[in-house]
Amino acid sequence: MEHWGLLYLLSEWVIRFAMLFYVPQRRSPAAARTWLLLIFLLPWPGLALYAVIGRIHYPRQRIETQARASRRIRAAQAQMRTAGHWPLATLAPAERGIAALATRLGDFEAIGGNRFELLPDYRASLERLLADIDAATRHVHLLYYVVEDDATGRRIAAALLRAARRGVRCRLLLDAVGGKRGARALGPGLRGAGVEVVELLPVGFFRRNAARFDLRNHRKLAVIDGRVGYIGSQNLVEPEFVKGHPNEELVVRLGGPVVAQLQALFIADRYAETDALLEGPELFPPPGEAGNSAAQLLPSGPAYPRENAQELMVALIHGARRRVVVTTPYFVPDEPFLQALRTAVLRGVDVHLVASMHSNQPIARLAQQSYYDELLEAGVQVHLYEPRFLHAKHLSIDERIALIGSTNIDIRSFALNAEASVLIYDPAVVAELHALQMRYFAYSRRLDPEAWRRRSVPRRLLQGVARLMDSLL
């Protein structure tokens, strides 16, 4: 028995020393520290967990598929420019650099002639989507992280069934984990009526092209007839789907050429799962000009070679001159993001973070709270929204740029999840978003630095421990 005990002790030290060399490779210092701390404290359990979720291993076939999709998107945009079907965006000099960066990160170019409608009311945004599905004549394309078997999910399914009976081609893409219950309950009836239902990133040891269970498609978007689009933070689920935490969201209804970018992203995600490429002129009708806004889509996720959303947000904050407002339900940032906020304050920029007082993720909430000290010390104003769980995700820069979509400010959204946001270059839209942000401020508790520093020692300890888990959240 003593020999077995000695052997086990030696094996723990072998694991510690081996992982000390292996873990830091191609990993941020913060993430490496998190994993090494866990492995040094619990070598065998830490090694087992690292083997499951330690490396962001994305199937090579999916990475190659994304690369092919990126090449097709860039080629198609070049052809549309040549043909004069792609209205060039008129941007200020400061915006051109951001637009060029977004294009290099996510393939899509900034284009003009768009219209945006902000929909902050949860029920009203669902009603608008349902009305557009009922008015569809050619196709309905939905891509959502969660489609639940509840009153909202069933209403969406019923609208798809009505559209299918009219001869409209309906396709529903949903995440295999987030939309699991909806797929099981609603999928058979939809498929039986001719609606295509595809589960994205299925998990399983023996599945071809299977993804790791924590690498998810977190996007939330819709395209109707190639002319109307939706993007934002809202899933197809009742607002009270997490009991005690009714959600408040922000959805953007859009029209104009940027809808074609949403359509291309939908087609690329479907292609990655099915190996079948949707084609046909009805998918990309002549865009026309629906409004005066310039915009571009920014997709991100592990299939891309860089952390698209993180790099763009950091660049946006560094470019701010007067005001930055970050709204997110989960704030577990990396050091470059924190540094961008700190240096913005030092330049004289008015910097605000709007987070929710309530949360459906207790550990993530504690980790988030651990960052408030340095934010407050740097001069960032922290607002904790009280009425509901604020699940909206957006960023505004000065009076000129807005970024709205599905991306949280955390490592999961930056590195693990497939996300989508829209960059809007329009002072009128930014002013409308700023009015919404002012309402958030009015219904939030603004953290007082002195009062926050007086929180209890046990609370500080819990927050510090949760922060050490940032790479696992």
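All of these numbers come straight from a predicted model, not from anything done at the bench. (Residues numbered from 1 in each chain as written. Predicted model: local features only at pLDDT ≥ 70, side-chain atom pairs only at ≥ 80, totals over all residues. Heavy atoms only, no water.)

Some remarks on the pairing of strand 16 (residues 401–405)
One face of the sheet, then the other: side chains in a regular strand alternate in exactly this way.
Thinking step 1. In terms of residue burial, strand 16 counts as a mostly covered element, since 5 of its 5 residues are buried.
Thinking step 2. Residues Ile-401, Leu-403 and Gly-405 point to one face of strand 16 and Ala-402 and Ile-404 to the other, with burial holding for every one of them.
Thinking step 3. The sheet contact formed by strand 15 (residues 394–397) and strand 16 spans 4 bridges and is antiparallel. By the bridge assignment for strand 16, Leu-395 is matched with Leu-403.
Thinking step 4. Linkage of strand 15 to strand 16, two consecutive antiparallel strands, is achieved through a turn of 3 residues, within which Asp-398 is found at a positive phi near 50°. (Buried < 20%, exposed > 50% of the residue type's maximum accessible area, 1.4 Å probe, protein only. Helix = DSSP H or I, 4+ residues; strand = E, 2+ residues; numbered from the N terminus. Pairing = 2+ DSSP bridges.)

Some words on the side chain of His-141
Thinking step 1. Along the polypeptide, His-141 turns up in strand 2 (residues 139–144).
Thinking step 2. Side chain to side chain, His-141 and Arg-171 meet in a polar contact 2.8 Å long.
Thinking step 3. Residues in contact with His-141, not counting those within four places in the same chain, are Arg-171, Leu-221, Ala-222, Val-223, Gln-263, Phe-266, Leu-278 and Leu-283. (Polar contact = N/O pair within 3.5 Å; in protein donor to acceptor, adjacent residues only side chain to side chain. Contact = heavy atoms within 4.5 Å.)

Brief notes about the packing of aromatic side chains
Given two aromatic rings, one states the distance between the centres and the angle between the planes to describe the pair.
Thinking step 1. Counted under the stated rule, the structure contains 6 aromatic pairs.
Thinking step 2. Judged by centre distance (6.3 Å) and plane angle (85°), the ring pair of Phe-331 and Tyr-371 falls under edge-to-face. One end of the pair, Phe-331, is in strand 11 (residues 331–332); the other, Tyr-371, is in the loop between helix 12 (362–369) and helix 13 (372–378), with 40 residues separating them in the sequence.
Thinking step 3. For Phe-331, a relative accessible area of 0% corresponds to the buried category.
Thinking step 4. Its relative accessible area of 3% is what places Tyr-371 among the buried residues.
Thinking step 5. In textbook terms, an aromatic cluster arises when at least three aromatic residues are bridged by ring pairs, as seen for Phe-331, Phe-337, Tyr-371 and Phe-414.
Thinking step 6. Its guanidinium or amino end placed over the ring of Trp-13, Arg-16 lies 4.5 Å from that ring's centre, counting from NZ or CZ.
Thinking step 7. A cation over an aromatic ring shows up here: Arg-467 above the ring of Tyr-371, its NZ or CZ 3.8 Å from the ring centre. (Phe/Tyr/Trp six-rings, centres within 6.5 Å; stacked < 30°, edge-to-face > 60°. Lys NZ or Arg CZ within 6 Å of the ring centre and 35° of its normal.)

What to know about a nonpolar patch on the surface
Thinking step 1. On the surface, Leu-6, Leu-9, Leu-10, Trp-13, Phe-17, Leu-20, Phe-21 and Phe-40 cluster together to form a nonpolar patch covering roughly 830 Å² of accessible area.
Thinking step 2. In terms of residue count, the dominant contributor to the nonpolar patch is helix 1 (residues 2–22) (7 residues). (Patch = residues over 30% accessible without salt bridge, like charges linked within 9 Å, V, L, I, M, F, W, Y side chains within 5 Å. Areas by Shrake-Rupley, 256 points an atom, 1.4 Å probe, with all protein chains shown as cover. Salt bridge = Lys/Arg side-chain N within 4 Å of Asp/Glu carboxyl O.)

Quick word on unusual backbone geometry
Thinking step 1. Phi at Leu-201 is positive, roughly 55°, even though this residue is not glycine.
Thinking step 2. Of note, Leu-201 is situated in the loop between strand 4 (196–200) and strand 5 (220–224).
Thinking step 3. Here the phi dihedral of Asp-398 falls at roughly 50°; this positive angle occurs in a residue that is not glycine.

With respect to the packing of helix 5 (residues 93–106) against helix 10 (residues 308–319)
Thinking step 1. Two elements in contact, helix 5 and helix 10, have axes separated by 10 Å at closest approach and are oriented at 170°. With respect to helix 10, the element helix 5 is oriented roughly antiparallel. Facing Ile-98, Leu-101, Ala-102, Leu-105 and Gly-106 of helix 5, the residues of helix 10 in contact are Asn-308, Glu-311, Leu-312, Ala-315 and Leu-316.
Thinking step 2. Classifying every residue of the contact of helix 5 with helix 10 gives 7 nonpolar, 2 polar and 1 charged. (Axes fitted to C-alpha atoms, helices over the stretch in contact; angles between N-to-C directions. Parallel < 35°, antiparallel > 145°, perpendicular 65-115°, else oblique. Nonpolar A, V, L, I, M, F, W, Y, C, P; charged D, E, K, R; others polar.)

With respect to empty space enclosed by the protein
Thinking step 1. For the structure shown, the criterion picks out 6 cavities of 30 Å³ or more.
Thinking step 2. Empty space within the second largest cavity amounts to approximately 90 Å³.
Thinking step 3. Lining the second largest cavity are 13 residues, with Leu-129, Tyr-144, Tyr-230, Gln-234 and Val-251 sitting closest to its centre.
Thinking step 4. Of all the elements in the fold, those that place two or more residues in the lining of the second largest cavity are helix 6 (122–135), strand 5 and strand 6 (228–232).
Thinking step 5. Here the residues of the lining of the second largest cavity are counted per class, giving 8 nonpolar, 4 polar and 1 charged. (1 Å grid on protein atoms, 1.4 Å probe; cavity = no way out; pocket = protein on both sides within 12 Å on 5 of 7 lines; lining within 4 Å. Points joined across faces, edges and corners; volume = space filled by probe spheres on them.)

Thoughts on the pairing of strand 13 (residues 381–385)
Thinking step 1. Summarising burial for strand 13: 5 of the 5 residues are buried, a large majority.
Thinking step 2. Residues of strand 13 alternate between two faces, with Gln-381, His-383 and Tyr-385 on one and Val-382 and Leu-384 on the opposite face, all of them buried.
Thinking step 3. Pairing between strand 12 (residues 350–356) and strand 13: 5 bridges, direction parallel. Bridging across to strand 13, His-352 finds its partner in Gln-381.
Thinking step 4. Of the strand pairs in this sheet, strand 13 and strand 19 (residues 444–446) are connected by 3 bridges, and their pairing is antiparallel. Bridge assignment links Leu-384 to a residue of strand 19, and that residue is Arg-445.

Fair warning: the whole summary comes from geometry, so function is off the table for now.
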